[in-house]
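# A structural walkthrough
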Amino acid sequence: MSLAMPAVGAMGAVAANATISPLHLFLQADIVVKGVMIGLLLASIWTWAMIIGFSFTLRKASKQSSAFEGDFWKAEDIDRFYEARGKAEFPAAKVMAAGVSEWRRSTAQKVIDRDGTRDRLHTAMNSTIASEVDRLSDRLNILATIGSVAPFVGLFGTVWGIMRAFTAIAAEQQSSLAVVAPGIAEALFATAIGLFAAIPAVIAYNRFSHGINRLETRLSRFADGFYSTLSRELEAQR
């Protein structure tokens, strides 16, 4: 008799674990909560796909721009360096290309407007920096949206699950744990999925925004240095 009791208790524990498993909670949920869970899971998958892809993109842009700047300041001939590497498709190269293109157009005339040339150089390079930053941060708003909306979607599933639990109580005319537990478990599971989607999105958005700001600052410093070089060249042409 004493040997049979632990086996019964073990079977009960296994049944309890099966009951609260994520798959079981999803299968026993009604259509509304299932829709909420599926939507949040898709948002979570999308979030992680963006995190992985954007991490490689931002790291590559920062690494290429840093190497390009180092080589640029070591170059003795800007025109030769531009012809060799100035047409690459990453931010620092595009900033340099904008400056060189504007320099050539402005100094091709017989009479050079030095103040106007300086203004145009500054505008051209700053516009390129803004365009590159906008291009890199184009999809960050998706992470911000998921991070802010997902908890409320999960909360909607929570409210719906609790309403279902109270409906079950009214139908069964009793408030035992067996009646209340399924709806409450579904509600809490929907909340957990919402947080699972929102937390990585918020963290990634903040980290990527910081990385883009650092890249923008680096490009601005590079543009300022290049602008100073071109400005001294204008003075030398007097």
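Residues numbered from 1 in each chain as written. Predicted model: local features only at pLDDT ≥ 70, side-chain atom pairs only at ≥ 80, totals over all residues. Heavy atoms only, no water.

An unreviewed UniProt entry lists the chain under the name Protein TolQ, with Sphingobium baderi given as the organism.

### Re the UniProt feature "transmembrane region" (unreviewed entry) in the chain
Put simply, the rule is: UniProt positions are given in the numbering used here, feature names are shortened, and annotations may be inferred rather than shown by experiment. Strands are runs of DSSP state E lasting at least two residues, helices are runs of H or I lasting at least four, and both sets are numbered from the N terminus onward.
In the numbering used here, UniProt assigns the feature "transmembrane region" (unreviewed entry) to residues 31–56, 140–163 and 183–205. Secondary structure within residues 31–56 divides into 100% helix and 0% strand; the distance between the first and last C-alpha atoms comes to 38 Å.

### A short note on the layout of surface pockets
We apply this condition: A pocket, in this scheme, is an open set of points on a 1 Å grid over the protein atoms alone with protein on both sides within 12 Å along at least 5 of 7 lines, while a cavity is a set where a 1.4 Å probe fits but cannot get out; residues line either one if an atom lies within 4 Å of a point. Grid points are joined across faces, edges and corners, and a volume is the space filled by probe spheres set on the points. When residues are sorted by character, Ala, Val, Leu, Ile, Met, Phe, Trp, Tyr, Cys and Pro go into the nonpolar class, Asp, Glu, Lys and Arg into the charged class, and all the rest, Gly among them, into the polar class.
A volume near 240 Å³ is recorded for the largest pocket. As for the largest pocket, its lining consists of L58, R59, S62, R207, F208, H210, G211, R214, L215, T217, R218 and R221. Mapped by element, the contributors of at least two residues to the lining of the largest pocket are α3 (31–74) and α8 (177–236). Of the residues forming the lining of the largest pocket, the biggest block, 9 residues, is contributed by α8. Partitioning the lining of the largest pocket into residue classes produces 3 nonpolar, 4 polar and 5 charged. Roughly 160 Å³ of volume is contained in the second largest pocket. Only α4 (78–85), α5 (91–107) and α8 provide two or more residues apiece to the lining of the second largest pocket. Of the residues forming the lining of the second largest pocket, the biggest block, 4 residues, is contributed by α8. Residue classes in the lining of the second largest pocket are distributed as 5 nonpolar, 2 polar and 3 charged.

### What to know about the nonpolar core
What counts here: Residues grouped as a nonpolar core are buried Ala, Val, Leu, Ile, Met, Phe, Trp, Tyr and Cys residues, joined through side-chain atoms within 4.5 Å. For the exposure calls, accessible area comes from a 1.4 Å probe over protein chains only, and a residue counts as buried if that area is under 20% of its type's maximum, exposed if over 50%, partly exposed in between. By definition, residues are in contact when any of their heavy atoms lie within 4.5 Å.
The biggest cluster of nonpolar side chains holds 49 residues, and the ones touching the most others in it are F68, V95, M96, L143, F208, I212 and F226. Among the elements of the structure, α3, α4, α5, α6 (114–136), α7 (140–172) and α8 are those that each provide at least two residues to this core. Here this core takes 16 residues from α8, the largest share from any one element. Filtering out sequence-adjacent residues up to four positions away, F208 remains in contact with I51, F54, S55, L58, L140 and L143.

### Brief notes about the packing of α4 against α5
Our working definition: Note on definitions: angles span 0 to 180 degrees between N-to-C directions of axes, and those axes are lines fitted to C-alpha atoms, for helices only across the stretch in contact. With respect to orientation, any angle under 35 degrees is reported as roughly parallel, any angle over 145 as roughly antiparallel, any angle of 65 to 115 as roughly perpendicular, and every other angle as oblique. By definition, any crossing whose near helix is turned counterclockwise from its far helix by less than a right angle is left-handed, and any crossing with a clockwise turn is right-handed.
Relative orientation of the contacting elements α4 and α5 amounts to 125°, with a least axis distance of 11 Å. One element, α4, and the other, α5, form an angle in the oblique class. Of the two possible hands of crossing, α4 and α5 adopt the one that is left-handed. Only A93, M96, A97, V100, S101 and R104 of α5 make contact with α4, whose side of the interface consists of I78, D79, F81, Y82, E83 and R85. In terms of residue class, the contact of α4 with α5 is built from 7 nonpolar, 1 polar and 4 charged.

### Looking at the packing of α3 against α5
Axis separation between α3 and α5 bottoms out at 7 Å; the angle between their running directions is 50°. As summarised for this structure, α3 and α5 are arranged oblique, according to the angle between their axes. Contacts between α3 and α5 involve A61, S65, F68, E69 and F72 from the first element and P91, A92, A93 and M96 from the second. Looking at the contact of α3 with α5, its residues break down into 7 nonpolar, 1 polar and 1 charged.

### A closer look at the pattern of salt bridges
Selection criterion: Between Lys or Arg on one side and Asp or Glu on the other, a salt bridge is scored when a side-chain nitrogen of the former is within 4 Å of a carboxyl oxygen of the latter.
Tallied over the full model, the rule gives 9 salt bridges. Two residues, D71 and R85, come together in a salt bridge whose shortest N-O distance is 2.5 Å. With D71 in helix α3 and R85 in helix α4, the pair connects residues that are 14 residues apart, well separated along the chain. For E132, the salt bridge goes to R135, with nearest N and O atoms at 2.7 Å. Residue E132 and its partner R135 are both found in helix α6; the two are separated by 3 residues, about one turn of the helix. Residue classification places E132 among the buried positions, given a relative accessible area of 6%. Members of the salt-bridge network, linked through shared partners, are E89, K94, E132 and R135.

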